[in-house]
Amino acid sequence: MAMDTSQLLKGVLDLAVLAVLRDTDGYGYDVLRRLRAAGLEDVADASVYGTLRRLFAAGALTSYVQPSEEGPHRKYYGLNKTGLDLLAQSTKTWNHFADTMSVLLQEEAA
Amino acid sequence: MNSTLTGAVATYLAQVRAELSDLPPGELEEVLDDVAGHLTEVAAELGQAPTATGLQERLGTPSQYADELRRAAGYPPPRRVPADNKAAGLALRWGLIASTVGPFFLVIALLGRGRDVSAFFGLVGLTALVVSAHLGVKALRGQSPRIVLDTPRGASTAAAIRESIDQIPPNVRRELVTIGQPVWWVARGAVGGASFFAVFGANAVTVVGALAGAAVSIWIGRRTQQDARWLWYVVPLNLVAAIIVPAWLAASFVGGPSGIFNNYTASRGSSSSSYNPPSGLLLDGVSVSNIYPFDEQGRPVHVRLYNQDGQPINLERQDCAMQSGNPPQNELSNYFPLVTVQDDPNPTVDADGVAICKDTDKAPFVPPPAPATPTTPSPTPANSVTPTPHPSAKPSATPKPGATLTVPPTR
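All figures in this text were calculated on a predicted structure; none of them were measured in a lab. (Residues numbered from 1 in each chain as written. Chains lettered and ligands numbered in written order. Predicted model: local features only at pLDDT ≥ 70, side-chain atom pairs only at ≥ 80, totals over all residues. Heavy atoms only, no water.)

Draft legend 1. Quick peek at the overall build of chain B. Helix and strand content of chain B: 12 helices and eight strands. Scored against the burial criterion, the 411 residues of chain B give a buried share of 32%. Carbon and sulfur atoms provide 62% of the accessible area of chain B, an area that totals close to 24,600 Å². (Helix = DSSP H or I, 4+ residues; strand = E, 2+ residues; numbered from the N terminus. Buried < 20%, exposed > 50% of the residue type's maximum accessible area, 1.4 Å probe, protein only. Areas by Shrake-Rupley, 256 points an atom, 1.4 Å probe, with all protein chains shown as cover.)

Laid out in C-alpha cells, this is it:
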C-alpha cells in the first residue's frame, strides 16, 4: 500500500503549525497558506483550523484580533513561551524519529 | 463578522455551526469565528458569489468539514442527544398544531366571504399559528431542532419525506431547487403579503403588500436555510400558501373568485365598507353628475349613452320625481342630459303655498364655441364648414315645467 502524505500529516500537523508560526504570527488562512507554500499541499483546511484551536486550548498559542483592511477582523495566532518550548521539544522528537527512519531506510536500501 | 457573510457561504457556516452545536458556547463562537474567516478567504478565491456546490468541492460537505475540525481540535465526538425525547416530542407536537390549526383558520379567512369574517378568522389563524410555533421552538429549550428527528414520529415522517423525494429524478430535483425555489419564495410572499392587507382591510396597498411580502419571503427562506427553528413558522405558512397560491392563480385566470378576491368589487355600492371607490361616473377621478351633449352646430341634443360593452351608462336621476316623497322605481337613466330640478328664484307656488318643483334639461352653462374640427376627413380646407357658434342660441327645447321623461329611461 502506497504511503499517503495525508496520513503522515496527521501525526505531525501540530509540529508543522508550530513551525510556520515560529517567526511570524498569522491568522488561520495565513497558516494554511504557509503550510501549502512549504510543500504540504495535502493538508486539509479544516484540520488546520482544528489544530490551531487545540494548540490554543493547550496553552501553546496566544490569540488576538486585528482589524483587516480588506474586511472583517482576523484572529491571529502566535507562539508563547509554552508554544516555543513545545516546538523545541517536538522538533527534537521529530529529528530523532526522522534520523531513525532514515538510518532504517538506508540500511534497507544498502 | 458572521453578519458579513451572505448566500452559500452563510448557509455553509450555519450548517457547520449546527454540526458543532454540542460544543461549549464560548469555544463554539471562537472556532466559528475562525471558520467564518476561512470561508471568507475561500469565497474570495472562488469568485464573487460562490455556490454551495463550489464550496463543497473545495471543502467537503459541512458535515465532513465539521468532523475534520472536530478530530483535529480534539473535541469530543458529537453527542447524539438521546435523552431529551420529551422536549423533541413536545416541539414536534406544537409544530403539528401550528401546521394544522393555523392554516385551517387562515384558509377560511382567505377564502371566506365578508370582510369581518375574514379579519376575524385571519386573526384567529395567525395567532394560533404564531403562538403554537413559538411554543414549539421554546419546547426545544435551546437544543438543535434536529432532535425532533430522533423521536419515533419525527423519524418516520422524515423517512417518508425522504422516500418521496427520492422518487424524483436527481436532475429534476436540482432544477426544482434552483428554479422552483426562488419562484415559490416570490409567489408565496407576494400572495401572502397581498392577502394580509386584503384580509385586514387595506385593498389599496395590496400591490405594495405583495412586493413587501415577496421580499420578506425571500429573507425568511434564507434564514430558514441557516436556522431550522424557523421551520416551526415556515412550514404552516407554506401550507397556507400551497392552498392560497393556486386559488389566487385560478381566480385571476377564471375570474370567478370568491372571498377576498372579489371584496374589492363586491363592496362597491354597499355603504358598509369605508374602502369603496366613489360610486357613479368618474372622469380622471372627478365625479360626473350629468352630461350635456351638443351637436355640431352647438344645439343641445338628447342622447342615450352606452359603453363599449353595450351597457347603458346610467346615472342617478336628479329630477323632481326623485325629490318627492316617493321616488320612482327606476332611479337610473342613460338618457342625457338628465333632467334636473330648476333653480327658480321666483318659484310658482301651489294652492298650499308650497313651491312647485320644476324640471329642466337646460345646461347650467353657456356652451363654448364648437371647435372647428372637421367631422369627416375633408382634404379641401376651403370647403370645410366652420360651424358658426351660436352661444346665445336658445335651446330648441324650451324647458317644460314639470316635464318628465316619456321614454322609460333605460330599458
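Draft legend 2. Summary view of the side chain of B:D34. Residue position: B:D34 is located in helix α2 (residues 25-46). Residue classification places B:D34 among the buried positions, given a relative accessible area of 5%. Residues contacting B:D34, with those up to four places away along its chain left out, are A:Y49, A:R53, A:K75 and A:Y77. (Contact = heavy atoms within 4.5 Å.)

Draft legend 3. Region of interest: the interface of chain A and chain B. Contacts between the two partners involve 20 residues from chain A and, on the opposite side, 21 residues from chain B. Considering only the surface of chain A that becomes buried against chain B, A:Y29, A:Y49 and A:R53 emerge as the three largest contributors, covering 34% of it. Here chain A is connected to chain B by six salt bridges. For A:K75, the salt bridge goes to B:D34, with nearest N and O atoms at 3.2 Å. The tally of links between chain A and chain B comes to 10 residue pairs in polar contact (both at pLDDT 80 or more). Tallied by class, the residues present in the side of chain A that touches chain B amount to eight nonpolar, four polar and eight charged. (Buried area = accessible area lost by both parts, 1.4 Å probe. Salt bridge = Lys/Arg side-chain N within 4 Å of Asp/Glu carboxyl O. Polar contact = N/O pair within 3.5 Å; in protein donor to acceptor, adjacent residues only side chain to side chain. Nonpolar A, V, L, I, M, F, W, Y, C, P; charged D, E, K, R; others polar.)

Draft legend 4. How the structure looks around the pattern of salt bridges. For the structure on display, the rule yields 17 salt bridges over all chains. Between A:R53 and B:E30 there is a salt bridge; the shortest N-O distance is 3.6 Å. Taken together, the residues A:R53 in helix α3 (residues 45-57) and B:E30 in helix α2 connect one chain to another. Accessibility expressed as a relative area gives 2% for A:R53, which makes it buried. Note that B:E41 is salt-bridged to A:R74, the shortest N-O span being 2.9 Å. A residue pair is termed interchain when its members come from two chains, as with B:E41 in helix α2 and A:R74 in strand β3 (residues 71-79). We note that B:E41, like A:R74, is buried. Beyond isolated ion pairs, a larger network of salt bridges with shared partners links A:R53, A:K75, B:E27, B:E30 and B:D34.

Draft legend 5. Just the packing of helix α1 (residues 7-19) of chain B against helix α3 (residues 52-59) of chain B, in detail. Residues and elements named next belong to chain B. Running from N to C, α1 and α3 point in directions that differ by 55°, and their axes come no closer than 9 Å. On the basis of their axis angle, the class for α1 and α3 is oblique. Once α1 is placed against α3, the crossing between them reads as right-handed. From α1, A8, V9 and Y12 reach across to α3, where they touch A52, L55, Q56 and L59. (Axes fitted to C-alpha atoms, helices over the stretch in contact; angles between N-to-C directions. Parallel < 35°, antiparallel > 145°, perpendicular 65-115°, else oblique. Left-handed = near helix turned anticlockwise from the far one by under 90°.)

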